[in-house]
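Residue-level listing of the chains:
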Amino acid sequence: MMKTNILLVIGLALIFLSGCAQMSPIANAQNNEYSAELRTIDPNNHIAVAKHYEDMANEMKVKLRAQKKLLEDYEGHSYYYGRKGQDLQSHTIANIRHFENSIKENMKEAAIHRKMALDEQKPYLSLFNE
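Residues numbered from 1 in each chain as written. Predicted model: local features only at pLDDT ≥ 70, side-chain atom pairs only at ≥ 80, totals over all residues. Heavy atoms only, no water.

**A closer look at the overall build of the protein chain**
To keep things clear, this is the line we draw: A run of H or I in DSSP becomes a helix once it reaches four residues, and a run of E becomes a strand once it reaches two; helices and strands are each numbered from the N terminus. For every residue, the accessible area (1.4 Å probe, protein chains only) is compared with the maximum for its type, and the residue is labelled buried under 20%, exposed over 50%, or partly exposed between those bounds. Note on areas: Shrake-Rupley, 1.4 Å probe, and residue coverage restricted to the protein chains presented here.
Summing up its helical and strand segments, the protein chain has five helices and zero strands in all. The linear arrangement of helices and strands in the protein chain, starting from the amino end, is α-α-α-α-α. When each of the 130 residues of the protein chain is scored for burial, the buried share is 18%. Here the protein chain has roughly 10200 Å² of accessible surface; of this, 61% comes from carbon and sulfur atoms.

In structure tokens, the structure reads:
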């Protein structure tokens, strides 16, 4: 009875831990790379943070164009890819959606930081306008 309980607890622990494991180490590595770059920027320097987000969005735009070109190839020459073609197409469509959402989010973050930088400069600008 005791061995059964121990095995049950170990099994449940393994199931729980496997559920918490990273599912996409490549995507996580990219996120860590971007967050490492962001950590090197002073958080109070909103212009630099905004530029960082804009640069990330521009990188995503390049990747988006590549994925769209790939999708055109899959759609235009689907007979080359056989049964895998549909899987490749749907995966590419998912990547396109991911990049489009990432671009929107990065541009939104950049706009927020540009606004914060402008709000910080307003008191100083009003001194010069008087």
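**Details of the pattern of salt bridges**
Put simply, the test is: A pair is scored as a salt bridge if a Lys or Arg side-chain nitrogen falls within 4 Å of a carboxyl oxygen belonging to Asp or Glu.
All told, the structure shown has five salt bridges when counted by the stated rule. Linking K68 and E100 is a salt bridge whose minimum nitrogen-to-oxygen distance equals 3.9 Å. You can see K68 sitting in helix α3 (residues 46-76) and its partner E100 sitting in helix α5 (residues 84-129), a full 32 residues away along the chain. For K115, the salt bridge identified is with D119, shortest N-O distance 3.0 Å. Linking K115 with D119, this pair stays in helix α5, spanning four residues, or about one helical turn.

**Section: α3**
Cut-off, in case you're wondering: In a helix, the anticipated span is given by 1.5 Å times the number of residues less one.
A rise of 1.5 Å per residue sets the reference length of α3, with its 31 residues, at 45 Å; its end C-alpha atoms lie 44 Å apart and thus fit the reference within 8%. Residues of α3 that are buried: H46, V49, A50, H52, Y53, M56, A57, M60, L64, Q67, L71 and Y74.

**What about the confidence of the model for the protein chain?**
Detailed reading of the predicted model is not advised wherever pLDDT is low. Heads up, the rule is: Think of pLDDT as the predictor's per-residue confidence, scored from 0 to 100. Throughout, a residue-residue contact means that at least one pair of heavy atoms, one from each residue, lies within 4.5 Å.
When the pLDDT values of the protein chain are averaged, the result is 82; 78% of them are 70 or greater. Taken element by element, the predicted model of the protein chain shows its lowest mean pLDDT in helix α2 (residues 25-39) (60) and its highest in α3 (94). Across residues 23-29, where pLDDT falls below 50, the model places one contact with residues more than four positions away in sequence or in other chains.

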